[in-house]
Amino acid sequence: MRPTTNRLAVAGSTRRWLAVFLAALVGFGCVSALWAVTTPLSASPDEPAHLIKAASVVRGELLGDVTDGLPQIRDVDVPAGVAYSAEADCARFQPEVTADCAPGFPSDADAIVEEPTSAGLYNPVYYVLVGWPTLVLDGSKASLYAMRLVSALVCSVFFAAAVASLSRLPRPVLPVLAAFGALTPTTYFLSGVVNPNAFEAATAAAFAATLVSGLLSGRPVGWGQGLLLALSGGLLVHARGLSPLWLAVIVVVAAVLVGWRAFWEHVRRPQVLAAVLAVAVSSVLAVIWTLKSGSLGAVGLYPGAGTSFQGGLVRMLERTFDFGQELIGKFGWLDTPVPSYVVFAYFVGVGGLVLAAVLVPTSGRVKAAVLLSLASYVLIPALVQAASVTRSGYVWQGRYNLPVYVLLVLVAAVALAPSFDRLSSTLRRRVVLLVVVVHSAAAFVALMTFLRRNAVGLSASWVALLETPAWRPPVLSTSVWTGLIAAGCLVLGVAFLVVLALSRRQAVLSSCGDGSGDAGDVEAPELVNEQGERHEPVGEAGGRRRTTPDSPSGQDPVGTRP
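Calculation criteria
- Residues numbered from 1 in each chain as written.
- Predicted model: local features only at pLDDT ≥ 70, side-chain atom pairs only at ≥ 80, totals over all residues.
- Heavy atoms only, no water.
- Disulfide = S-S within 2.5 Å.
- Helix = DSSP H or I, 4+ residues; strand = E, 2+ residues; numbered from the N terminus.
- Buried < 20%, exposed > 50% of the residue type's maximum accessible area, 1.4 Å probe, protein only.
- Contact = heavy atoms within 4.5 Å.
- Pairing = 2+ DSSP bridges.
- Axes fitted to C-alpha atoms, helices over the stretch in contact; angles between N-to-C directions.
- Arc of directions from axis to C-beta.

J.: Give me the state of the cysteines: which residues, what numbers.
T.: Covalent bonding between the sulfur atoms of two cysteines defines a disulfide. Under the criterion given, the structure shown has one disulfide. Note on cysteine connectivity: Cys-90 is disulfide-linked to Cys-101, with sulfurs 1.9 Å apart. Given an S-S torsion of about 90 degrees, the disulfide between Cys-90 and Cys-101 has right-handed geometry. Within this pair, whereas Cys-90 is found in the loop between helix H3 (80–83) and strand E3 (112–117), its partner Cys-101 is found in the loop between H3 and E3, the two being separated by 11 residues in sequence. Residue Cys-101 is classed as partly exposed on the basis of its relative accessible area of 33%. Between Cys-489, a free cysteine, and Cys-30, which holds the nearest cysteine sulfur, the sulfur-to-sulfur gap is 7.7 Å.

This is the structure in structure tokens:
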């Protein structure tokens, strides 16, 4: 490919990527921001510890002072308003206790006080990203909500980048549909609070999507893609102690998906190689922090301590579906489950996707990548927990599975994309509409369920929520917030449809050539199923291009089905 043509191809592809990214960002950001504002302070897992950690890190205390308690508990200096979060978690584990139980906000919120945090040993990178509002707003209540909104924005940026990267695939519709639709209410909830779990999932999604799309798209790799690969991978490894393991799993699965030869050819491209080196350096720094701080081993003592490795492994495998339920929808301090019909919808949708990817005929490499992702989702949590259960007891929670869950959905969707595009256009439209409606409705139900739990108690009536709430989110009444939640979830659905439309258009332009030269000049690694059909670009209606005597240059109009 000539240098000028290559630059035009990258520029055209970047513009379309940006359009998808912005549409996805609006949808993700809207719902995550709603969670950030409607969730009471300290009403998410370990949020007081994370808030205090974030405020201390941006003030230069990366670890804090050793205490007489557990090794991970450190004393740090933070504004009194941030320290207040440790007193505001009065409703945790009590779904019938409303959030108005929290004491009044301190009048001297800006005064610096000493406060312990159980997140003292954690890697500081995430906390630097979200803690800076306390330097601007000091210890005010606004600073706590600002930290949440910054976390929501950061997570939404990386989730949107993941979806935009998948739109570059030759067959993007199902991967984009699955990646967008499979984001669970728990993921949105964690994005809207100060907690590194959603940040880990978002950076993992962006890294995996950028890597896989680069391997399969057959398009020129721009420096923007290399930067996203470096940024997402470089931040992923600092999210939590186990994050470097998830990075390694993503790399291995991607290599298996296309074959090691094609993988190494891709890595040798200058833009990708520079990203690999940056991620490698960042990974070394992350591992050094984990080893020096001892954060992985300092988890405390929980029920089940003394259980054998074998007993822990069996117990973890038995709880696989329990972790799936937590991953889909459990809010607060895991005391507020989403209604069972939402869990059922996700189990059916994601489970059906993975099952079809296992059963539908595909190439050996693709099948191996799907099975490896599935095995990683089931076995790695069980093995990691079993290795420490004797010393620490059972610590694992469903939200820790989010990075490998995202990877599993992505790979399964890529594997099924050719089969999905062979369905009739009517059936595909119905599937798309069903997923969009269910996803948006699930987001609405989840937000309203948690609002009711905090305002009047989980078992109270919906009428009581609107008429006699004991607690409400800031400024507005619960009735107004209900309307805003409905509007936000509608925006999510519209953004979802726009993302899918833009992704389909990008595939059309790439399959027929759009004047920028980003189609047809570079051969993508082949994904061939057992019938010998390639994973190739699609037309507007999902069909492949084919030659006919009547079409110019031997190509028929876009959208012709085989």
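Next comes the rest of the account.
J.: If you had to explain the environment of Arg-74 to someone new, which residues and values would you point to?
T.: Following the sequence through the fold, Arg-74 ends up in strand E2 (residues 74–79). Residues Arg-74 and Pro-116, spaced 42 residues apart in sequence, show a C-alpha to C-alpha distance of 5.3 Å. For Arg-74, the residues in contact, after removing those within four places along its chain, are Leu-63, Gly-64, Asp-65, Val-66, Thr-67, Glu-115, Pro-116, Thr-117, Gly-120 and Leu-121.

J.: Mind laying out the sheet that holds E2, listing which residues take part and the relevant values?
T.: Hydrogen bonds between backbone groups are what pair the strands of a sheet, and the pairing can be parallel or antiparallel. Taken together, three strands build an open sheet; the order of strands is E1-E2-E3 and the sheet is antiparallel. With one partner strand each, in any of the chains shown, strand E1 (65–66) and E3 form the two edges of the open sheet. Against the sheet, helix H2 (residues 47–57) touches E2 and E3, its axis set at about 75 degrees to E2.

J.: Provide a residue-level description of unusual backbone geometry, including the pertinent values.
T.: Of note, Asp-46 is a non-glycine position whose phi angle comes to about 60 degrees, a positive value. At Val-475, a position not held by glycine, the phi torsion is positive, near 75 degrees. By secondary structure assignment, the location of Val-475 is in the loop between helix H20 (462–467) and helix H21 (478–512). Judged by its relative accessible area of 71%, Val-475 is exposed.

J.: Give a detailed account of helix H12 (residues 260–267), specifying residues and quantitative values.
T.: Along H12, the positions that sit buried rather than exposed are Ala-262, Phe-263, His-266 and Val-267. Along the axis of H12, the buried residues cluster in a sector spanning 140 degrees; they form a single face. Looking at the buried residues of H12, the elements they touch are helix H9 (196–217), helix H11 (243–258) and helix H13 (270–293).

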